[in-house]
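Summary of structural features
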Amino acid sequence: MQTKGKTAAKIIGIILVLLLLAGLVAIIYKFTNGFNEDFKTFYVEYDGEQILTTESEMHLVSGNTHRFDVKYTFDTENTEPKGYNVKIVPNAQRDFDFTVDGERYLYSKQGDMTAAFGLKKSDTYFELVLPEDFSLEYALQSCYPGKEVVVPEEADTGNLQPYMLVISSYNDSVVYHIALSVGAEVTGVELDPDHIIFTGSQA
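Residues numbered from 1 in each chain as written. Predicted model: local features only at pLDDT ≥ 70, side-chain atom pairs only at ≥ 80, totals over all residues. Heavy atoms only, no water.

**Some points on the layout of surface pockets**
Quantified by volume, the largest pocket comes out at close to 230 Å³. As for the largest pocket, its lining consists of 15 residues, and the residues nearest its centre are Val70, Asp75, Thr76, Thr79 and Thr124. In terms of residue count, the dominant contributor to the lining of the largest pocket is strand E4 (residues 65-72) (four residues). When its residues are assigned to classes, the lining of the largest pocket shows four nonpolar, four polar and seven charged. (1 Å grid on protein atoms, 1.4 Å probe; cavity = no way out; pocket = protein on both sides within 12 Å on 5 of 7 lines; lining within 4 Å. Points joined across faces, edges and corners; volume = space filled by probe spheres on them. Helix = DSSP H or I, 4+ residues; strand = E, 2+ residues; numbered from the N terminus. Nonpolar A, V, L, I, M, F, W, Y, C, P; charged D, E, K, R; others polar.)

And the structure:
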């Protein structure tokens, strides 16, 4: 009986070790984007979802406030906030010319556009406050107060993600790039032989 008891205890011990290893592997898988990236010691949450991939895309509805929580993987409730960095710059994949008081500029060379997004930064989260009339022209106009900014009509299409939200840990060891589009809430997509039609209502 004693031998059987020891055998059962060993089996239970082995099962517990295997479960622990399985849990550890699952955590590593999650925080490395399926073993394709380095382990994330810093991550972002938006609308209840964790952002753990270094490159992603997102649509923000104009007229709303959008909150992003920043977290360090091994921190506890008693850990002092480490800080983080956030900025919004042009998405280099969406390049075009625009004019300021008649002078031509290249969008990809614009630089920081964060001021246009109403950034409110706290220790463990930040908010982007977007007005109802947010547009690409509005964002660029914020960079050139008092001047006339003209954006080509074909460039100001909200679903083409003209902005890049860059969020990084306090020492820039972990960096997330989120390609942003801003506009009305997209409620559906209709497929057409020649076009993709986005449908939705204003925010």
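Next comes the rest of the description.
**Notes on the confidence of the model for the protein chain**
Across the protein chain, pLDDT averages 82, with 75% of residues at or above 70. For residues 188-196, every residue scores under 50 in pLDDT, and the model assigns this stretch 12 contacts once sequence neighbours within four places are set aside. (pLDDT = per-residue confidence, 0-100. Contact = heavy atoms within 4.5 Å.)

**Some points on the pattern of salt bridges**
One pass over the structure, following the stated rule, counts two salt bridges. Here glutamate 45 makes a salt bridge to lysine 71, at a shortest N to O gap of 3.2 Å. Of this pair, glutamate 45 sits in strand E1 (residues 42-46) while lysine 71 sits in strand E4, and the two are 26 residues apart along the sequence. For the salt bridge of aspartate 69 with arginine 67, the shortest nitrogen-to-oxygen distance reads 2.9 Å. (Salt bridge = Lys/Arg side-chain N within 4 Å of Asp/Glu carboxyl O.)

**Side note on the sheet that holds E4**
To summarise the sheet geometry, strands pair through backbone hydrogen bonds and adopt either a parallel or an antiparallel arrangement. Within the open sheet, the five strands sit side by side as E2-E1-E4-E9-E8. Their pairing is antiparallel. Strands with a single pairing partner mark the edges of an open sheet, and in this sheet they are strand E2 (49-51) and strand E8 (119-121). Between one strand axis and the next, the sheet turns by 25 degrees as a mean value, whatever way the strands run. (Pairing = 2+ DSSP bridges. Axes fitted to C-alpha atoms, helices over the stretch in contact; angles between N-to-C directions.)

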